[in-house]
Amino acid sequence: SQDMANTVWAFSCVNWDSHNFFITFGSAIADRLADFNNNEKSQLYLVALYVRLTWPHVHFPLSRHVESLRSAYTRDETTASQLQGDVSAMLEELGWRHAEEHRT
């Protein structure tokens, strides 16, 4: 299931211009969605958004699952990135007291 999620997500990242590709993969995935973990479902949520924005008139098989996919996408608590942590540590070292502005 990770391979399927990675594949369809990668094609959406490069703006693959074939809604038939996404419909075919979406159908195969929708039939096996229970086999996908939250990380994979999180990727599929991004794919579902891509398809909806790119081809709003196309019926995407995962559309009926978009709320559970969204739930997987938003389930994680936000954490500071490594870069944000490094910058924060350097600012503290320089004596600059600050508050974290954004967690992703």
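Residues numbered from 1 in each chain as written. Predicted model: local features only at pLDDT ≥ 70, side-chain atom pairs only at ≥ 80, totals over all residues. Heavy atoms only, no water.

Student: Is there a simple way to explain the packing of aromatic side chains in this structure?
Tutor: For any two aromatic rings, the description comes down to two numbers: the centre-to-centre distance and the angle of the planes. Taken as a whole, this structure holds six aromatic pairs when the rule is applied. Relative to Tyr73, the ring of Tyr45 has its centre 5.2 Å away and its plane inclined at 40 degrees; by these criteria the two rings are tilted. Highlighted residues: Tyr45 in helix α3 (residues 38-54) and Tyr73 in helix α4 (residues 66-74), separated in sequence by 28 residues. Residue Tyr73 is classed as partly exposed on the basis of its relative accessible area of 39%. What links up through ring pairs into an aromatic cluster is the set Phe21, Phe22, Phe25, Tyr50 and Trp55. (Phe/Tyr/Trp six-rings, centres within 6.5 Å; stacked < 30°, edge-to-face > 60°. Helix = DSSP H or I, 4+ residues; strand = E, 2+ residues; numbered from the N terminus. Buried < 20%, exposed > 50% of the residue type's maximum accessible area, 1.4 Å probe, protein only.)

Student: What exactly am I supposed to notice about the packing of α3 against α4 here?
Tutor: Between two packed helices, both the angle of their axes relative to each other and the distance between the axes serve to describe the pair. Two elements in contact, α3 and α4, have axes whose closest approach is 7 Å; the angle formed by their N-to-C orientations is 120 degrees. On the basis of the axis angle, α3 is oblique to α4. Between α3 and α4 the crossing geometry is left-handed. The residues of α4 that touch α3, namely those facing Asn38, Lys41, Ser42, Leu44, Tyr45, Leu46 and Ala48, are Val66, Leu69, Arg70, Ala72 and Tyr73. Along the lines of polarity and charge, the residues of the contact of α3 with α4 split into eight nonpolar, two polar and two charged. (Axes fitted to C-alpha atoms, helices over the stretch in contact; angles between N-to-C directions. Parallel < 35°, antiparallel > 145°, perpendicular 65-115°, else oblique. Left-handed = near helix turned anticlockwise from the far one by under 90°. Contact = heavy atoms within 4.5 Å. Nonpolar A, V, L, I, M, F, W, Y, C, P; charged D, E, K, R; others polar.)

Student: Would you explain the pattern of salt bridges in this entry?
Tutor: Opposite charge on two side chains permits them to pair, given that their charged atoms come into close proximity. This model, assessed by the stated rule, comprises one salt bridge. In this structure, Asp35 engages Arg32 in a salt bridge whose closest nitrogen and oxygen atoms are separated by 3.7 Å. For Arg32, a relative accessible area of 35% translates into the label partly exposed. (Salt bridge = Lys/Arg side-chain N within 4 Å of Asp/Glu carboxyl O.)

Student: Is there a simple way to explain the side chain of Ser12 in this structure?
Tutor: In this fold, Ser12 is placed in helix α1 (residues 2-13). On the accessibility criterion, Ser12 (8% relative accessible area) is buried. Filtering out sequence-adjacent residues up to four positions away, Ser12 remains in contact with Phe22, Val47 and Tyr50.

Student: How should the nonpolar core be read in this particular structure?
Tutor: A general feature of soluble globular proteins is that nonpolar side chains tend to end up buried together. In this structure, Phe22, Ile29 and Leu44 are the most contacted members of the largest nonpolar core, which totals 21 residues. Only α1, α2 (19-31), α3 and α4 provide two or more residues apiece to this core. For this core, the element with the highest residue contribution is α3, accounting for six residues. (Core = buried A, V, L, I, M, F, W, Y, C linked by side-chain atoms within 4.5 Å.)

Student: Would you mind showing me how to read the packing of α1 against α2 here?
Tutor: Put simply, α1 and α2 touch, their axes get as near as 11 Å, and they point 155 degrees apart. On the basis of the axis angle, α1 is roughly antiparallel to α2. Here the hand of the crossing between α1 and α2 comes out left-handed. Counted together, Met4, Thr7, Val8, Phe11 and Ser12 of α1 and Phe21, Phe22, Phe25, Ala28 and Ile29 of α2 form the full contact between these two elements. Looking at the contact of α1 with α2 residue by residue, the class counts come to eight nonpolar, two polar and no charged.

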